[in-house]
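Fold and geometry: a report
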Amino acid sequence: MYRIIAKERLAENIHLLEVEAPEVAKKAQPGQFVVVRVDEEGERIPLTIADWDVEKGSMTIIFLEVGTTTRKLACLNAGDGILNFVGPLGRPTDIDHFGTVVCVAGGVGAASLFPISRSLKACGNEVITIMGARTKQLIFWEERLRSISHQLIITTDDGSYGRKGVVTVPLKELLEARKVDRVIAIGPAVMMKFCCLTTKPFGVSTIVSLNPIMVDGTGMCGCCRVSVEGETRFACVDGPDFDGHKVDWDLLMNRQRAYLEEERKSLELWETKALKK
Ligand SMILES: Cc1cc2nc3c(=O)[nH]c(=O)nc-3n(C[C@H](O)[C@H](O)[C@H](O)COP(=O)(O)OP(=O)(O)OC[C@H]3O[C@@H](n4cnc5c(N)ncnc54)[C@H](O)[C@@H]3O)c2cc1C
Ligand code: FES
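Here the structure is a predicted model, which means the values were calculated and not measured.

Here we look at the environment of C195
Summarising the element assignment, C195 is placed in helix α6 (residues 189-199). Its relative accessible area of 0% is what places C195 among the buried residues. What C195 contacts, discounting residues up to four positions off in sequence, is V104, V167, T168, L171 and A185.

Quick look at the pairing of strand β9 (residues 126-133)
A large share of β9 lies buried, amounting to 7 of its 8 residues. One ladder, built from 7 bridges, connects strand β8 (residues 100-106) with β9; its direction is parallel. Across the sheet, V101 pairs through a bridge with V127, a residue of β9. You can see the chain leave β8, run along helix α3 (residues 109-122) and come back into β9, and the turn it takes is right-handed. In the sheet, β9 pairs with strand β10 (residues 151-156) via 6 bridges, with the strands oriented parallel. Note on β10: the bridge partner recorded for G132 is T155. Chirality of the crossover, the property in question, places the unit of β9, helix α4 (residues 142-147) and β10 among those that are right-handed.

Overview of the nonpolar core
In this structure, V102, V104, I130, L171, V208, L210 and W249 are the most contacted members of the largest nonpolar core, which totals 34 residues. Each residue touching V102, except ones within four places of it in the same chain, is listed here: I128, I130, L171, L174, V180, R182, V183 and I184. Residues I62, C103, I116 and I148 belong to the second largest nonpolar core, which totals 29 residues.

Side note on the environment of R255
Residue position: R255 is located in helix α8 (residues 249-276). Judged by relative accessible area, which is 29%, R255 ranks as partly exposed. Between the C-alpha atom of R255 and that of C223, which follows or precedes it by 32 residues, the distance is 9.9 Å. With sequence-adjacent residues up to four places away left out, R255 is seen in contact with G222, C223 and R225. Within polar-contact distance, the side chain of R255 engages the backbone oxygen of R225 at 3.5 Å.

A word on the sheet that holds strand β7 (residues 84-89)
Spatially, β6-β1-β2-β5-β4-β3-β7 is the arrangement adopted by the 7 strands of the open sheet, whose pairing is antiparallel. Each of the sheet's edge strands pairs with one partner strand only, and the pair in question is β6 (81-82) and β7. Bridge analysis of strand β1 (residues 2-11) against strand β2 (residues 14-20) gives 6 bridges, and the strand direction is antiparallel. Note on β2: the bridge partner recorded for A6 is E18. Helix-sheet contacts for α3 involve β4 (44-53) and β5 (58-64), and the interaxial angle to β4 is about 40°.

Let's talk about the packing of aromatic side chains
For any two aromatic rings, the description comes down to two numbers: the centre-to-centre distance and the angle of the planes. Applying the stated criterion across every chain yields a total of 3 aromatic pairs. Ring centres 5.9 Å apart and planes at 35° place the aromatic pair Y2 and F85 in the tilted group. Residue Y2 is found in strand β1, and its partner F85 is found in strand β7; the two are separated by 83 residues along the sequence. Residue Y2 is classed as partly exposed on the basis of its relative accessible area of 28%. For F85, a relative accessible area of 2% translates into the label buried. Feature note: the residues F114, F140 and W141 constitute an aromatic cluster, connected by ring pairs. Its guanidinium or amino end placed over the ring of W141, R144 lies 4.2 Å from that ring's centre, counting from NZ or CZ. The ring of F98 is capped by R182, whose NZ or CZ atom sits 4.0 Å from the centre of that ring.

Conventions used here
Residues numbered from 1 in each chain as written. Chains lettered and ligands numbered in written order. Predicted model: local features only at pLDDT ≥ 70, side-chain atom pairs only at ≥ 80, totals over all residues. Heavy atoms only, no water. Helix = DSSP H or I, 4+ residues; strand = E, 2+ residues; numbered from the N terminus. Buried < 20%, exposed > 50% of the residue type's maximum accessible area, 1.4 Å probe, protein only. Contact = heavy atoms within 4.5 Å. Pairing = 2+ DSSP bridges. Right-handed = clockwise from strand over helix to strand, strands pointing away. Core = buried A, V, L, I, M, F, W, Y, C linked by side-chain atoms within 4.5 Å. Polar contact = N/O pair within 3.5 Å; in protein donor to acceptor, adjacent residues only side chain to side chain. Axes fitted to C-alpha atoms, helices over the stretch in contact; angles between N-to-C directions. Phe/Tyr/Trp six-rings, centres within 6.5 Å; stacked < 30°, edge-to-face > 60°. Lys NZ or Arg CZ within 6 Å of the ring centre and 35° of its normal.

Put into structure tokens, the structure is as follows:
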């Protein structure tokens, strides 16, 4: 069992868990993820590494409650255990001295972006962070992101905090106003797609972290396949980072939707069975 050292509620339905996992912490790098299984009956789910502490031997994960496993995780408290905590998995984000890097986070993507931005800053880059959320209540780690950014821009869809609107508006303004050497976008697929459409005319390299459905996380099941530059790639071992201008976004989003459809059908089936009883 992997013991939970600390738990924090960061925003509505967004939780942080600090988990004792010294072997994972020793090898963790920005952009990688872990696969978590809460208990014997549980499903395996991928979660990005939000932070780690080698001396303490701990790993930090941040997740949004969306379904069965994330709800189960949200019910755990400090002192409880997680059955499996496998990682670090996936290729680390490419960290180098690029110049000016604009890091764009959507929703819970802010957690994944934090260690990446921190490493980019430590490598001598000028880091400009754009952090977007639907509303003020969903913003978390603002001060953390500010501490590792030369500039932090916040947007909310409803205008309740920061600038009203979506992240692509300040992104386009920055691209028009100054030289940007790289953009890193992490968040919902639709947000990453539109960040790529925004940067494409400016010819700025744009790295995205893809989040297809994953099962084993080790390249065995083929569930996480995505199409990049017309070739099939497995996000869990070839990614999750890819050149966003080469990703087939429609295919990715169709596959995510197909999963939702399957999920809806199986829910209906269970409801019908329950009604018959
Ligand atoms: C590499 C990777 C890293 C991730 N990192 C994080 C993270 O740091 N924090 C976080 O909150 N989430 C992250 N996710 C998404 C997370 O894995 C899913 O939210 C989780 O699997 C949902 O499991 P569940 O049992 O709670 O929900 P389920 O019952 O399986 O699904 C409920 C709903 O969640 C959505 N969903 C399920 N799986 C995914 C998925 N892979 N991507 C997007 N939506 C999904 C669907 O809309 C579905 O309807 C990551 C996904 C990947 C592939
Ligand atoms: S999750 Fe199975 S191959 Fe990637």
